[in-house]
Amino acid sequence: MSKFVYFFGKGKTDGNKDMRDTLGGKGANLAELANLEIDVPPGFTISTDVCRYYYKNNKSYPDGMKAEVEENLHKVEDVMGSKFGSSDNPLLISVRSGAAVSMPGMMDTVLNIGLNDSTVTGLVKKTNNERFVYDCYRRFVQMYGNVVLKVSHDEFEKILEEKKKERGAKLDTELSGDDMKEIVARYKRKVKEFTNKDFPDEPEEQLWGAISAVFESWDTERAISYRKLHKIPDDLGTALNVQAMVFGNTGESSATGVAFTRNAATGEKQRYGEYLVNAQGEDVVAGIRTPHPIKDLERDMPDIYRQLVSIFDNVERHYKDVQDMEFTIENGKLWMLQTRTGKRTAQAAIKIAVDMVEEGLIDKATAVSRVDPTQLDQILHKMFDPKAKKEVIASGLNASPGAAAGKVVFTSNDAIALHERGEPAVLVRIETSPDDVAGMAVSEGILTARGGMTSHAAVVARGMGKCCVAGCGALDIDYGKEELRVGPRTIKKGEFLSLNGTTGEVMLGRVETIDSEITRVVKGKIKPDESEIYQYYSKLLSWADEIRKLGVRTNADTFHDAKLARDFGAEGIGLARTEHMFFGEERLPVVQKMILAKDEKERQEAIDKLLPMQREDFKGILLAMDGLPVIIRLLDPPLHEFLPKYEELLVEFAEARRQDDSAKAERIDGMLTSVRRLKEFNPMLGHRGCRLGVTFPAIYKMQVQAIAEASCELKLEGHNPKPEIMVPLVGHVNELKVIKEYSLEVMNKVMEEKGVKLDFMIGTMIELPRAAITADEIASEAEFFSYGTNDLTQMTFGFSRDDIEEKFLPVYIDKKILPVNPFAILDRNGVGKLVEIGIKKGRETKHNLEVGICGEHGGEPSSVEFCHIVNMDYVSCSPYRVPIARLSAAHAALHNKK
């Protein structure tokens, strides 16, 4: 026979802390406190199984469950020595939610159940405190009326405020018992007005109304949104706790409070919390009265304080973690109402984890597991000064964390111009393209009207460690007028905007930012021994490095980014995008000349000019990663991306004709012809990647030569370069074979000329389904595989990354067609299967094949775990995500020990 209801009470308990899935967090912890012989008001937990049954069976309850509730309610009556519904010695109860995963404040609670005109009389006789009893009664009618009967909370507050105004009172505590009686009567009339029914007086009806309402609160909009935000499954259901009431509002010897066993903001080992005398629990969080800091309780109630401190210490030692505890003091007796693992900031999480190892409470592995990798974003990126004033005018996607303030510009060139004058820029675009990379690199932040979390703006910004708010649909951007409109506001070029990439907020004016302390240490602006948080962070990540099996590399294209990533702990470069190197102000005209060349001689002249530029690029990143592997991807995007947009050229052509500038018109006309010639219906699937290397080998040969020469120069200077040449978009082994053959010729020629032997590899990026399926063939030519999961996801789903996030992805997620954005979190069942197939087949051909991932998934914790499971050698991500990947890789090793 199934068990639906579990009793808890001091010395008489059916559950324990390990039964969270059945009892929910609150129920399991109440049972554990009772097992520790701590005074907990007795009660019982209705299991999560009942909630799931309730939603699957037309909001009904399983057979036998009501009988179990009645049986356990009698047990509570026996322990408390009072009876639910009795007019002489009434028992009052509360009904609270309690899911397996904490969702603070997201679901409903009903207190003081069992009060009616008859039980009120009995409670007044029992307590000899009419004001207290009617205060409880008015709280009950208000809470029940709102939660169960759906009367607006504001309607009750209006009545309470009217009464306070009548009496000239500022606080509820200044109202008399008679005032409370009148408020109860007015509340009931308000319920009748809104529901056309009398307020329910029967205690059993009240109880079951509350039980159903609290189960219903699992499915409220706020609870659903919270679960979506924190990736909590919708089908877990909540448990429900029915518990005897104890009262903190009986007078000056009573109180209620909330406390953490350590400071949840800073991590300091000090008790942190608040309490109110003569109050119930909701008063502490309502903000109507100012609570006292928990340390004042030592002065007000010294005996209670000593008991509380002893409980705090015992419970923290028992759970070996920070506890968030609620308590009530009723007429001088201390009752514990709840304990749960305390939520904390990233800074606090790191400090507490390290401190607890040093105190001997936990081991290093547990400490590493206690810090959520995603929390590290909080301590790595710039942040706004919390004291600063701000005016939020719009919100978009929090595409890349951090904080930025700068003058609005609408073009990459304007951003560069501002940067050269030493002024900060916020680059505002409808959407970004590779043309904007140079401007993005010098901007403080990027704001786009279109695009999602993996749009060009988002991916590049994260790679640069730049703040980015993407997909801000409220923006109306007018490039011609150089202004953007948000509702009635118009912001012109040169005016200040501030972006919060952590929240997605767009703010008017300049909100001052403060640098992350850890980032300042990494950049050398603060000495490590001057920063306590850096010392804790460094120690925790060193423990993570001892645990993880996966290597962690970075995606970096410049010496600066590579050095920064190495200082963050990167063990090499997993992806250097050479196309980003072509957009420099001096280089783009040369690249365009190469593309527009009329013959091979002219093309080779341009390529020869690019060679020394590329050599210096590669020398910089190889030097920054001296002794570590550096994967350099040969040119990937289609050539037309390096040319001006067709529409812009048409305007320039017309202007040249109008000015009768025939030479300029002829030059632009030539560019128009080339743009038309290179234009493709679907560039994603067109003439790009290795296809360029086959049809225009001179470009790839130049890049390979630059890699070889840079590496040889460094070797001769006493360094240890380790280049790995990556051929993109290979779908057939013969593509790789052709490019590898001439690449080896170039490498060998340079090494022979320089008299140097290099340690290098040639491999490929696996980003096409066919490449994964034929990986055994490709591995015969490749020395390494690097999975480009951004493109592999697009190709597998048939999605256009930049389009779906605006058009239909939110609908797919809301309708649970897809559980998450597959560009943000790797799709294990589809894309992941191709990855597994490719690794298995590749290593069947070449058992020592190096395998890694270089898409944005390389810095996302769930995706990193998948990479560990399928036995990759490394993950690669943007510099600022390297610490997150290091910690994620350690979590993956801890969670998948087999």
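Residues numbered from 1 in each chain as written. Predicted model: local features only at pLDDT ≥ 70, side-chain atom pairs only at ≥ 80, totals over all residues. Heavy atoms only, no water.

A. Structural detail: the pattern of salt bridges. Enumeration over the complete set of coordinates arrives at 74 salt bridges. Here Lys619 ties to Glu717 by a salt bridge, and the two come within 3.0 Å at their closest N and O atoms. Of this pair, Lys619 sits in helix H23 (residues 600-624) while Glu717 sits in the loop between helix H27 (697-716) and strand S29 (722-727), placing them 98 residues apart in sequence. Judged by relative accessible area, Lys619 falls into the buried class, the value being 16%. Relative accessible area serves as the criterion here: at 48%, Glu717 is assigned to the partly exposed category. (Salt bridge = Lys/Arg side-chain N within 4 Å of Asp/Glu carboxyl O. Helix = DSSP H or I, 4+ residues; strand = E, 2+ residues; numbered from the N terminus. Buried < 20%, exposed > 50% of the residue type's maximum accessible area, 1.4 Å probe, protein only.)

B. Spotlight on the environment of Gly855. Mapped onto the secondary structure, Gly855 falls in the loop between strand S32 (850-853) and helix H35 (861-869). Gly855 sits 22 residues away from Cys877 along the chain, and the two C-alpha atoms are 7.1 Å apart. Apart from the residues within four sequence positions on either side, Gly855 is in contact with Asn555, Tyr787, Thr789, Asn790 and Ser876. (Contact = heavy atoms within 4.5 Å.)

C. Region of interest: the pairing of S29. Within S29, five of the six residues are buried, which leaves it mostly tucked inside the rest of the structure. Inspection of the sheet shows strand S28 (residues 629-633) paired to S29 by five bridges, in the parallel sense. Counted as the bridge partner of Arg633 is Met726 from S29. Across four bridges, S29 lies against strand S30 (residues 761-766) in parallel orientation. When the sheet's bridge partners are listed, Glu724 is paired in S30 with Met761. The parallel pair S29 and S30, bridged by helix H28 (residues 733-754), forms a crossover whose chirality is right-handed. (Pairing = 2+ DSSP bridges. Right-handed = clockwise from strand over helix to strand, strands pointing away.)

D. Summary view of the packing of helix H5 (residues 130-147) against helix H6 (residues 153-167). H6 packs onto H5 with a crossing angle of 155 degrees between their chain directions and a minimal axis gap of 9 Å. Considering their axes alone, H5 and H6 lie roughly antiparallel with respect to each other. Seen from H5, the contacting residues are Arg138, Val141, Gln142, Gly145 and Asn146; seen from H6, they are His153, Phe156, Glu157 and Leu160. By residue class, the composition of the contact of H5 with H6 is three nonpolar, four polar and two charged. (Axes fitted to C-alpha atoms, helices over the stretch in contact; angles between N-to-C directions. Parallel < 35°, antiparallel > 145°, perpendicular 65-115°, else oblique. Nonpolar A, V, L, I, M, F, W, Y, C, P; charged D, E, K, R; others polar.)

E. Representation of the pairing of strand S7 (residues 238-244). A large share of S7 lies buried, amounting to seven of its seven residues. Across the two faces of S7 the burial is the same, with Thr238, Leu240, Val242 and Ala244 and Ala239, Asn241 and Gln243 all buried. In this structure, strand S2 (residues 43-46) lies alongside S7, joined through four bridges in antiparallel fashion. Opposite Phe44, over in S7, you have Val242 as the bridge partner. Two elements, strand S5 (residues 93-99) and S7, share seven bridges in a ladder whose sense is antiparallel. Across the sheet, Ala99 pairs through a bridge with Thr238, a residue of S7.

Read these as geometric descriptors, not functional statements.
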